[in-house]
Every structure is written in C-alpha cells, then in structure tokens.
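Residues per chain are reported as follows:
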Amino acid sequence: FRQLVVSRTAHALNTSANGSPGSVRAVTIGSGNLLTDFECLLGLWNQGLTIESIVAIDTEYVFKEKTQKTYSSHLLRCLNDPGVESCKSALDALANFFAPCRVFSFSSAGDYIVAAERQPALYSNANLFIYCDASAVTSGLFQDAASAALLPGCCAYELSNMGYCGHGGHRPPLEDVLPFHLRLKDVNGGGGSMRIFRR
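About the cut-offs
Residues numbered from 1 in each chain as written. Predicted model: local features only at pLDDT ≥ 70, side-chain atom pairs only at ≥ 80, totals over all residues. Heavy atoms only, no water. Disulfide = S-S within 2.5 Å. Buried < 20%, exposed > 50% of the residue type's maximum accessible area, 1.4 Å probe, protein only. Helix = DSSP H or I, 4+ residues; strand = E, 2+ residues; numbered from the N terminus. Polar contact = N/O pair within 3.5 Å; in protein donor to acceptor, adjacent residues only side chain to side chain. Contact = heavy atoms within 4.5 Å. Arc of directions from axis to C-beta. Phe/Tyr/Trp six-rings, centres within 6.5 Å; stacked < 30°, edge-to-face > 60°.

*Asks:* Even after reading the chapter, I still don't get the state of the cysteines, so can you show me in this structure?
*Replies:* Put plainly, a disulfide is one covalent bond tying together the sulfur atoms of two cysteines. Following the criterion strictly, the structure yields 0 disulfides and no others. A disulfide-free cysteine, Cys 132 has its sulfur positioned 7.7 Å from the sulfur of Cys 40, the nearest such atom. You can call Cys 132 buried: its relative accessible area is 14%.

So this is what it looks like as structure tokens:
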C-alpha cells in the first residue's frame, strides 16, 4: 500500500511540476497516531518532494477547545489523557520532522468539510488523501471528505485490513477486479483490500 501511494503520487507530482520536485498537500482521515501516514509521507520526502501541509482527521483529536489546532515545533498543548497525549505527540512529531510543514487536526470529518469549503487555500487543494483502517469512518463520509479535500485529478487511497466489517458487511466495490492475494477473505477472517479514487 505504502509503495503504491508513494510511486503514484510522486509520479503525478513530478510530471505536473515539469520534472522539478513538487510539494505534497496531504489529508488523512482516521489517522490516529499517524504511522502509515508518516511512512507514506516519508517515502514521498525521500523522492525529493516537499511536504507542504498535512491535515489529520480523527475522533481521537478531541481537545479542550472544540476548534482546529495548528501544531508546530514550538507549540504543543498537553492534557493528562494518555490517548490524547499519544495523538498530540504524533502530530507534534510529524510537524517537527517535516518542518516547516504546517500540520492541522480536526476531530470530525464534518468540521473538516466545513473548514475546507470556507478556506480551501488553507485546508483543501490537496493532492493526496489517505484513509487507512478507519472503521468508524463510513465510505460515504470518506468520499465526501476526499471530494472536499482533493484537487481535480488527484487520488484518494483506501486501505482496509478489517475484512468486510470495514465496509458495513458488504463487498467493497473493486473486490472482483483485485488480484486474488489482495481480496478480502471473509467477514471475520481479516484480509485486506485497497481502493483508489480519482477526483
């Protein structure tokens, strides 16, 4: 999955930038502690791309104030909740590693969609959207958030290792066209599935 995201995104950005390194504006939903997201962004950074901005959306990013937070290497507001602390540390680490990249977080896709519509230059105009193992995020919400985030022609990547449970008990739309080893095995048996959407 990571190799697919990196190779396709790097190729698209380098092609559109006439051979000069482009910049990545990423949005990730259900991102939690950002491990898969970090690995994808690191792969793109290793390809010579600049990580310009990252918007992370997860219900774990609920802080004292119900507003979007901007993280930088100079600022981290801490709470005593270990789960929240872990996510905040992950956001801060991402901002530190890819500095001067701007990292934003939202605790709901609905809040993100409203912010993206009101200030697209800040929160949307993305060229990469990642949705990885986010069982609490419905397929419709994922598609709405990806549509609000992405520039035309850019891709959203979904990875599900949750069996059919991650798709409300239904077969994912591309299941029949995937190579056999990438198909979901059954409802309870795990397996994995990838989908790519282009806006």
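*Asks:* Sorry if this is basic, but what is going on with the side chain of Arg 25 here?
*Replies:* You can see Arg 25 is positioned in strand E1 (residues 23-29). Exposure remark for Arg 25: the relative accessible area of 11% places this residue in the buried category. Of note is the side chain of Arg 25, whose polar atom sits 2.7 Å from the backbone oxygen of Ser 124. With sequence-adjacent residues up to four places away left out, Arg 25 is seen in contact with Glu 52, Ser 53, Pro 120, Ala 121, Leu 122, Tyr 123, Ser 124, Asn 125, Ala 126, Asn 127 and Leu 128.

*Asks:* I'm lost on helix H4 (residues 109-118) in this one. Help?
*Replies:* Structural remark: α-helix, 3.6 residues per turn; residues separated by three or four positions point the same way. By the burial criterion, the buried members of H4 are Ala 109, Tyr 112, Ile 113, Ala 115 and Ala 116. Along the axis of H4, the buried residues cluster in a sector spanning 165°; they form a single face. For H4, exposure combined with an orientation more than 90 degrees from the buried face picks out Glu 117 and Arg 118.

*Asks:* Sorry if this is basic, but what is going on with the packing of aromatic side chains here?
*Replies:* Here a ring pair, both rings aromatic, is described through the centre-centre distance and the interplanar angle of the planes. Within the structure shown, the criterion is met by 10 aromatic pairs. Here Phe 97 and Phe 98 contribute two aromatic rings whose centre-to-centre distance is 4.9 Å and whose plane-to-plane angle is 80°, an arrangement assigned as edge-to-face. The class of Phe 97 is partly exposed, set by a relative accessible area of 38%. We classify Phe 98 as buried; its relative accessible area is 3%. An aromatic cluster is present here, built from Phe 38, Trp 45, Phe 97 and Phe 98 joined pairwise through their rings.

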